[in-house]
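# Residue-level structure breakdown
Here's the letter readout for the chains.
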Amino acid sequence: MTARPANAHQARLLKLLRDGGPNSRAQLGDQVDLSRSKLAVEVDRLLETGLVVADGLAASRGGRRSHNVRLNPSLRFLGVDIGATSVDVAVTNAELEILGHLNQPMDVREGPVAVFEQVLDMAGKLKATGLAEGFDGSGIGVPGPVRFPEGVPVAPPIMPGWDGFPVREALSQELGCPVMVDNDVNLMAMGEQHAGVARTVADFLCVKIGTGIGCGIVAGGTVHRGTTGSAGDIGHIQAVPDGRPCACGNRGCLEAHFSGAALARDAVQAAQQGLSAELAARLAVNGTLTAVDVAAAAAAGDATALDLIREGGTRVGQVIAGLVSFFNPGLVVIGGGVTGLGHTLLAAIRTQVYRQSLPLATGNLPIVLGELGQTAGVIGAARLISDHLFSPA
């Protein structure tokens, strides 16, 4: 993909076609502030670039039938969502529909070279299926703070060896296409905004609870990244004064007391202390415990597992309550690997937020689980690169 929109009007038309699918010139005219003649000029210029193609005649609205247009169906984006313990890679079309998706376990602590070898291998496997000859652009999510203009991770606590690594530059050379890089939770928020539970909400928070904890902040329909790209790093808000040591070097951070890693550690301790026969049995079989084991034990009615989930949900709810009072969102989305804990976790978070925040902020505030699961991040990654490519150069 070499063409880019020449102006803001063309960019707006491209994003309308991305988000709404094929559309008639007349219907596009209803959504943009352009005269019919000016709209025709801009659509014709987009047709000349090859970004947009004709798509037959639209249904009649009275009078002469309008022509449909759509984004070029041959455009392909690569979405990559790197987590702490796994990576998702997907190919989408220009309308961000997933055409192929792979997930593999991976330890982000192995460093960027090893991780990107795996990412490129997965992308190659998707290409080999015939889904794409090449990629027109790629979005990459990483589980740590990112200096967004440069596409560089900055001092990520759970990513040793990644500080300052030129992710965007390195991947762009390997893939042969433009690359954009962002924090993984921002991409989860963008995915839920595009195709999930936040489709109709302009101001919302998307909290990802996995190995770490982060928050995507969407204000006025746009992700807020902050001055240096570290906005939403709520896992390092202090939840317990003088509490447990955290990977960031501080004590009492939310992430140190409730995240996938903290929950697994607490579950092992409970099993070893004889507090849960269910967890002890799983520990004996597997040699370790994860949030999945805690979820299974809770589903079996294990009181200790339920208590661990409720206590963690309460701590998360305390932090989210402060965010709600400060930001006044229209929606809070809870996502990430730990959402396998389900409605026990959600109920504890809701109870704390509704109890602690003012009624004016919470009276009509839904707090819900994300709809897209593992695909939220890769859809968000494709959305990130399309936002870039569908903007004037």
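A brief look at the structure comes next. Since this is a predicted model, take the numbers as computed values, not measurements. (Residues numbered from 1 in each chain as written. Predicted model: local features only at pLDDT ≥ 70, side-chain atom pairs only at ≥ 80, totals over all residues. Heavy atoms only, no water.)

## Focus on the packing of aromatic side chains
This is how it is decided: Geometry of aromatic contacts follows a simple scheme: Phe, Tyr and Trp rings, the Trp one being its six-membered ring, pair when their centres are within 6.5 Å, and the pair is stacked under 30 degrees between planes, edge-to-face over 60, tilted otherwise. Each helix corresponds to a stretch of at least 4 residues labelled H or I by DSSP, and each strand to a stretch of at least 2 residues labelled E; elements are numbered beginning at the N terminus. In this scheme, a residue with accessible area under 20% of its type's maximum is buried, one over 50% is exposed, and one in between is partly exposed, where area comes from a 1.4 Å probe on protein chains only.
Inspection of every chain in the model, using the stated rule, returns 4 aromatic pairs. Centre to centre, the rings of Phe116 and Trp162 are 5.4 Å apart; their planes meet at 70°, and the pair counts as edge-to-face. Of this pair, Phe116 sits in helix α4 (residues 112-128) while Trp162 sits in the loop between β9 (152-153) and α5 (167-175), and the two are 46 residues apart along the sequence. What makes Phe116 buried here is its relative accessible area of 6%. For the pair Phe116 and Phe165, a centre-to-centre distance of 6.1 Å together with 25° between the ring planes defines the contact as stacked. Of this pair, Phe116 sits in helix α4 while Phe165 is found in the loop between β9 and α5, placing the two residues 49 residues apart along the sequence. Within the aromatic cluster, the residues linked to one another by ring pairs are Phe116, Trp162 and Phe165.

## What to know about α5
Just so we agree on the cut-off: Along the arc lie the directions from the helix axis toward the C-beta atoms. Should any heavy atoms of two residues lie within 4.5 Å, those residues are considered in contact.
Among the residues making up α5, those that are buried are Val167, Leu171 and Leu175. Buried residues of α5, seen end-on, are gathered within an arc of 40° and therefore sit on one face of the element. Turned more than 90 degrees away from the buried face of α5 sit Glu169 and Gln173, all of them exposed. Buried residues in α5 make contact with β4 (77-82), α4, β7 (137-142), β9 and β10 (179-183).

## Let's talk about the sheet that holds strand β14 (residues 331-335)
To be explicit about the condition: Pairing between strands requires that DSSP locate at least two bridges from one strand to the other. Axis definition: a line fitted to C-alpha atoms, over the contacting stretch in the case of helices. Angles run 0 to 180 degrees between N-to-C directions.
Ordered in space as β13-β12-β11-β14-β15, the 5 strands form an open sheet in which the pairing is mixed. The open sheet has two edge strands with one neighbour each: β13 (222-223) and β15 (367-369). Taken together, the 3 bridges between β14 and β15 define a ladder with parallel strand orientation. Residue pairing for β15: Val332 is matched across the bridge by Ile367. Helix-sheet contacts for helix α6 (residues 184-195) involve β11 (204-209), β12 (213-219), β13 and β14, and the interaxial angle to β12 is about 50°.

Remember, this is a structural readout, not a statement about activity or role.
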